[in-house]
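Fold and geometry: a report
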Amino acid sequence: MQWLATLLILSIPFIRPGGESLLRLDAGTRTLLFFGAKLRIEEFYLFLIVVLILVFAFLFVTMLFGRVWCGWLCPQTTLGDLADWIDSRTSTLPALPRGVVRQLWHLALSALVAANLIWYFIAPPEFFARLGSGSLGAVAGISLAVTALVVYLDLAFVRRRFCKTVCPYGRIQLMTMERGTLTLEFDPELREACLRCGACVRACPTGIDIREGLQIECINCGRCLDACREVFAKRGSGGLIHYTFGPAGADGSRPVNKKALLLGGVLLFLVGLLVVGVTTRKEATLKVQRAESGEVKRLPDGSLVNFYSAFLENRGGEARSFSLEAAPLAGYRVELVGPVRGLELAGNANRKIGFALKLKPEPPQGTLVELRLVSDGKVVASSPLPVVAQ
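A brief look at the structure comes next.

**A closer look at the packing of aromatic side chains**
Following the criterion strictly, the structure yields eight aromatic pairs and no others. Ring geometry for Trp 119 against Phe 128: centres 5.8 Å apart, planes inclined by 55°, an arrangement best described as tilted. You can call Trp 119 buried: its relative accessible area is 6%. Pairing Tyr 308 with Phe 355 gives two aromatic rings, centres 5.7 Å apart and planes at 25°, and the pair type is stacked. Here the residue Tyr 308 occupies a position in strand β8 (residues 304-314), and Phe 355 occupies one in strand β12 (residues 350-360), the gap between them amounting to 47 residues.

**Regarding the packing of helix α5 (residues 95-119) against helix α6 (residues 124-133)**
Direction vectors running N to C along α5 and α6 enclose 120°, while the axes themselves pass 9 Å from each other. By the angle between their axes, α5 is oblique relative to α6. For the pair α5 and α6, the sense of crossing is right-handed. For the pair α5 and α6, contact is made by Ala 115, Ile 118 and Trp 119 and by Pro 124, Phe 127 and Phe 128, respectively. Of the residues belonging to the contact of α5 with α6, the class tally is six nonpolar, no polar and no charged.

**Here we look at the pattern of salt bridges**
In this structure the tally under the stated criterion is 13 salt bridges. In this structure, Asp 81 engages Arg 160 in a salt bridge whose closest nitrogen and oxygen atoms are separated by 2.3 Å. You can see Asp 81 sitting in helix α4 (residues 75-89) and its partner Arg 160 sitting in helix α8 (residues 160-164), a full 79 residues away along the chain. A relative accessible area of 14% means that Asp 81 is categorised as buried. Residues Glu 362 and Arg 298 are paired through a salt bridge, measuring 3.0 Å at the closest nitrogen-oxygen approach. With Glu 362 in the loop between β12 and β13 (368-375) and Arg 298 in strand β7 (residues 296-298), the pair connects residues that are 64 residues apart, well separated along the chain. Each of Asp 81, Asp 84, Asp 87, Arg 102, Arg 159, Arg 160 and Arg 223 takes part in salt bridges that share partners, so that together they form one network.

**Brief notes about the sheet that holds strand β14 (residues 378-386)**
Spatially, four strands are ordered β11-β9-β13-β14 in an open sheet, and the strand pairing comes out antiparallel. Looking along the sheet, the strands with just one partner apiece sit at the ends: β11 (343-345) and β14. Recorded for the sheet is a direction-independent mean angle of 30° between the axes of neighbouring strands. With three bridges joining them, strand β9 (residues 320-326) and β11 adopt antiparallel strand pairing. Directly across from Arg 320, in β11, lies its bridge partner Leu 345.

**Let's talk about the packing of α5 against helix α7 (residues 138-158)**
Look at α5 against α7: their axes get within 8 Å of each other, and the N-to-C directions meet at 140°. Considering the angle they form, α5 stands oblique to α7. Classified by chirality, the crossing of α7 by α5 is right-handed. Contact residues: α5 offers Gln 103, His 106, Leu 107, Leu 109, Ser 110, Val 113, Ala 114, Ala 115, Leu 117 and Ile 118, while α7 offers Ala 140, Ser 143, Leu 144, Thr 147, Ala 148, Val 151, Tyr 152, Leu 155 and Ala 156. Of the residues assigned to the contact of α5 with α7, the class counts are 14 nonpolar, five polar and no charged.

**A closer look at the sheet that holds strand β1 (residues 23-26)**
Spatially, three strands are ordered β1-β2-β3 in an open sheet, and the strand pairing comes out antiparallel. Edge positions in the open sheet fall to β1 and β3 (37-40), since each of these has one partner strand only. Put simply, the sheet's adjacent strands are angled 15° from each other on average, direction ignored. Of the pairings in the sheet, the one linking β1 to strand β2 (residues 31-34) comprises four bridges and is antiparallel in character. When the sheet's bridge partners are listed, Asp 26 is paired in β2 with Thr 31. Against the sheet, helix α2 (residues 44-65) contacts β1, β2 and β3, and its axis sits at roughly 105° relative to β3.

**Some details on the nonpolar core**
Among the nonpolar cores identified, the biggest contains 24 residues, and Leu 286, Leu 312, Phe 322, Leu 324, Phe 355, Leu 357 and Leu 373 are the most heavily contacted of them. Breaking this core down by element, the ones donating at least two residues are β6 (284-290), β8, β9, β11, β12, β13 and β14. Non-local contacts of Phe 355, meaning those with residues more than four positions away in its chain, are made with Val 288, Asn 306, Phe 307, Tyr 308, Ser 309, Ala 310, Leu 324, Leu 336, Val 337, Val 340, Leu 371 and Leu 385. Judged by nonpolar contacts, the second largest core, of 17 residues, contains Phe 186, Cys 194, Ala 199 and Cys 228.

**Regarding a nonpolar patch on the surface**
On the surface, Leu 149, Leu 153, Phe 157, Val 158, Phe 162 and Val 166 cluster together into a nonpolar patch covering about 530 Å² of accessible area. Position of Phe 157 relative to the elements: it lies in helix α7. For Phe 157, a relative accessible area of 56% puts it in the exposed group.

**Side note on the state of the cysteines**
Within the structure shown, the criterion is met by zero disulfides. In this structure Cys 224 is a free cysteine whose sulfur lies 6.3 Å from that of Cys 218, the closest cysteine sulfur available.

**Things to note about empty space enclosed by the protein**
Any space left empty among the atoms is revealed by the rolling of a water-sized probe across them. Counted according to the given criterion, the structure contains two cavities of 30 Å³ or more. The computed volume of the largest cavity comes to approximately 100 Å³. What lines the largest cavity is a set of 14 residues, among which Cys 194, Cys 197, Cys 200, Cys 228 and Phe 232 lie closest to the centre. Those elements that provide at least two residues to the lining of the largest cavity are α10 (199-203) and α11 (223-233). Considering every element that reaches the lining of the largest cavity, the biggest residue donor is α11, with three residues. Of the residues contributing to the lining of the largest cavity, the split by class is 11 nonpolar, one polar and two charged. Together, Leu 184, Cys 200, Cys 204, Pro 205, Thr 206, Ile 208, Ile 210, Cys 218, Ile 219, Asn 220, Cys 221 and Cys 224 line the second largest cavity.

Definitions and cut-offs
- Residues numbered from 1 in each chain as written.
- Predicted model: local features only at pLDDT ≥ 70, side-chain atom pairs only at ≥ 80, totals over all residues.
- Heavy atoms only, no water.
- Phe/Tyr/Trp six-rings, centres within 6.5 Å; stacked < 30°, edge-to-face > 60°.
- Buried < 20%, exposed > 50% of the residue type's maximum accessible area, 1.4 Å probe, protein only.
- Helix = DSSP H or I, 4+ residues; strand = E, 2+ residues; numbered from the N terminus.
- Axes fitted to C-alpha atoms, helices over the stretch in contact; angles between N-to-C directions.
- Parallel < 35°, antiparallel > 145°, perpendicular 65-115°, else oblique.
- Left-handed = near helix turned anticlockwise from the far one by under 90°.
- Contact = heavy atoms within 4.5 Å.
- Nonpolar A, V, L, I, M, F, W, Y, C, P; charged D, E, K, R; others polar.
- Salt bridge = Lys/Arg side-chain N within 4 Å of Asp/Glu carboxyl O.
- Pairing = 2+ DSSP bridges.
- Core = buried A, V, L, I, M, F, W, Y, C linked by side-chain atoms within 4.5 Å.
- Patch = residues over 30% accessible without salt bridge, like charges linked within 9 Å, V, L, I, M, F, W, Y side chains within 5 Å.
- Areas by Shrake-Rupley, 256 points an atom, 1.4 Å probe, with all protein chains shown as cover.
- Disulfide = S-S within 2.5 Å.
- 1 Å grid on protein atoms, 1.4 Å probe; cavity = no way out; pocket = protein on both sides within 12 Å on 5 of 7 lines; lining within 4 Å.
- Points joined across faces, edges and corners; volume = space filled by probe spheres on them.

Put into structure tokens, the structure is as follows:
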């Protein structure tokens, strides 16, 4: 699980459908590249729903499975395991070479973690090109250096101490746990069978003794369970430690985790909200404003001309052709003047168009004309045009 999660985090920035990152926040254009789509800043409400889903899913998993995240998926645990691995591999070396190898390993891991974070803001090809030319930029450069330093200090001096002391997730667990939450338990009914070998304590990455009951430092990794089973397997029996969804009742049933069920309902609601938001997301957008000059013209034939700027956005991943059309207005002849036909927009691109609206005869002040954005014979967006007569 740790390898899969790590490879996924490292590889996502390199997956580039249509030439763009699978997941990346482009701060310069205030655009989120999200699995083939580009979400502009005005569409960030969809990203907010995704964040809420992740938060509630996180809490849901915690209430149901305890600190399974900590022991199986957390990057801090993975980095600690990698640091422990290099410690064990270099334990037979003389003191000086051992220290040098370990510090180089910590530096390499720190650099990789820091670069991986930046890849979610700067695409890897651009990152390496800018890094090689020394033009990474102040913000990205400082972020890279600070992240690498923090991770290096974590690997060199902190590691499991973070999990045991200041990790906020461990404290959140105390508030979210119920009797029905999955936990690791030392079976108290088999206490007399314990061999006092200490294998469970030696295997624990946070150094606790599972025999003393549930402790906040436990990360549910199950290594004590494996160690105990290995000892008792030699004697032809199972271990004394096991996972359990709360204590069994008289009928053998386990308690229902009511908080998890409530959060599950909220989670389903948010997922439904996201599905509705994505399925009703517009293919294109159209925004219109008066031209900067605010000019109004009257022609000899009695026509009134207003000038506007239209902002078109193609939210799809493929290039499309658009046209601007004015809806009919009873009693008036409505005409658009300017480059309003055959407007080619690449996928996820936008464009500004200047045009004029001509009406005959002159309408009263405040008349509204509907401007339509058309693609493949279908109206994909519209916007009202307020007519100024004076």
